[in-house]
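A closer look at the structure
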Amino acid sequence: MRGHTGVLSPRGISNGGLADLAEPTTAIGSQRLDRRRRRRRILRRIRRVGAWLLVGGVLAVLSGPLTTVAASVLKTSRFTIQRVEVAGQSRLSSDEVVKASGLAPGQSLWTLDARRAVAGVEALPLVRRAEVVRAFPNRVTLVVEERQPFTLVNAGALYWVDEQGMPLGPETRAVSVDAPLISGVSAADVAAAGRMPAERVAMGVALLRTLMRAQSSLLGEISEVDVSRPRGPCFSCWTESRSGSAARTGTAGSDV
């Protein structure tokens, strides 16, 4: 129902019929409601501080017994290594991996140095990556990712290298590989020392990988990549003899 309600509103009075009797800040500051809010806020802060002090006191009282319990848990035989397992290896033996890690039965599962164990296993030439997995209460697994043979390097003898050029050890058998042979390096270049391949070996491997990614037809014609020349690698290609067998063209490759 529309009509007058009998209630006067300051907005309905023309030309400021009602004047302010006090400043707004003074009026608000003296309200009882605001004082009550301030008291509640102060009480909440006091309760919080008291709660934190109570927790700190309880922890201080229990710190001695907790330390004793933690020490006993660390020393208990229930959490000592009973078995060290190895997973992921194929060319390495489990004993070689375990020996390199430094882990042994009787060590505490809580305090074993996992970083040191991983560093020891990854120092093996055939290992690319390693990880230590604790299996409570008393077992440890060494997960190993081995380097995979990529091609052979002729350094007086034949040596396997992986796809980064890291040496994997000598090869004494007659084998065939999908990738061309890398030559023009010395035995020192394929010595299993450090975690970085020799510069010339890495250069030859990188060139072969580039040809493989590009699916170049030239890759099937190359028999050898000589990386000894300062100008760059030199290709040797296969030629078919009159008898139908494949033979190398010697070192008459092309510089790249």
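It should be emphasised that the depicted structure is a prediction, and the values quoted were computed from it without experimental measurement.

**Side note on helix α3 (residues 94–101)**
- Of the positions making up α3, those classed as buried are V97, V98 and S101. Each buried residue of α3 sits inside an arc of 95° when the element is viewed along its axis, so together they form one side. Turned more than 90 degrees from where α3 packs its buried face, D95 and K99 sit exposed.
- The inward-facing, buried residues of α3 abut β1 (83–87), α4 (114–122) and β3 (139–146).

**Comments concerning the pattern of salt bridges**
- Evaluated as defined, the whole model comprises eight salt bridges.
- One salt bridge connects R173 with E171, and the closest N-O pair in it is separated by 3.0 Å.
- The exposure class of R173 is exposed, given its relative accessible area of 58%.
- With relative accessibility at 11%, the residue E171 sits in the buried group.
- A cluster of three or more residues bridged by salt bridges with shared partners is formed by R128, R129, E145 and E163.

**Quick notes on the environment of W110**
- Among the structural elements, W110 can be located in the loop between α3 and α4.
- The class for W110 is partly exposed, based on a relative accessible area of 40%.
- A C-alpha to C-alpha distance of 9.6 Å links W110 and I81, two positions 29 residues apart in sequence.

**Details of the environment of R129**
- Secondary-structure assignment places R129 in strand β2 (residues 127–135).
- Accessibility expressed as a relative area gives 43% for R129, which makes it partly exposed.
- The spatial distance from the C-alpha of R129 to the C-alpha of E145 is 5.1 Å, given a sequence separation of 16 residues.
- Excluding residues within four positions of it along the chain, R129 makes contact with E122, V143, V144 and E145.

**A few points about helix α5 (residues 199–213)**
- Between its terminal C-alpha atoms α5 stretches 21 Å, which fits the 21 Å expected from 15 residues at 1.5 Å a residue.
- The complete set of buried residues in α5 reads V201, G204, V205, L207, L208 and L211. Along the long axis of α5, the arc covered by the buried residues comes to 155°, so they all point the same way. More than 90 degrees from the buried face of α5, the exposed residues found are E199 and R213.

**Points about the sheet that holds β3**
- With respect to topology, three strands assemble into an open sheet ordered β1-β3-β2, the strand pairing being mixed. The open sheet has two edge strands, β1 and β2, and neither has a second partner. Here the average twist between neighbouring strands, direction ignored, is 20°.
- By the bridge criterion, eight bridges tie β2 to β3 in an arrangement that is antiparallel. Paired with A135 across the bridge in β3 is R139.
- Of the strands in this sheet, β2 and β3 touch α4, which is tilted by about 150° from β2.

**Some words on the nonpolar core**
- Judged by nonpolar contacts, the single largest core of 24 residues is most densely connected at V97, L103, L112, V127, V132, V140 and L142.
- Of all the elements in the fold, those that place two or more residues in this core are β1, α3, α4, β2 and β3.
- Apart from residues no more than four positions distant in its own chain, L142 is found in contact with V84, E85, V86, A87, V97, V98, S101, L103, E131 and V132.
- A155, V185, A198 and L211 belong to the second-largest nonpolar core, a separate cluster that totals 20 residues.

Parameters at a glance
- Residues numbered from 1 in each chain as written.
- Predicted model: local features only at pLDDT ≥ 70, side-chain atom pairs only at ≥ 80, totals over all residues.
- Heavy atoms only, no water.
- Buried < 20%, exposed > 50% of the residue type's maximum accessible area, 1.4 Å probe, protein only.
- Helix = DSSP H or I, 4+ residues; strand = E, 2+ residues; numbered from the N terminus.
- Arc of directions from axis to C-beta.
- Contact = heavy atoms within 4.5 Å.
- Salt bridge = Lys/Arg side-chain N within 4 Å of Asp/Glu carboxyl O.
- Expected span 1.5 Å × (residues − 1).
- Pairing = 2+ DSSP bridges.
- Axes fitted to C-alpha atoms, helices over the stretch in contact; angles between N-to-C directions.
- Core = buried A, V, L, I, M, F, W, Y, C linked by side-chain atoms within 4.5 Å.

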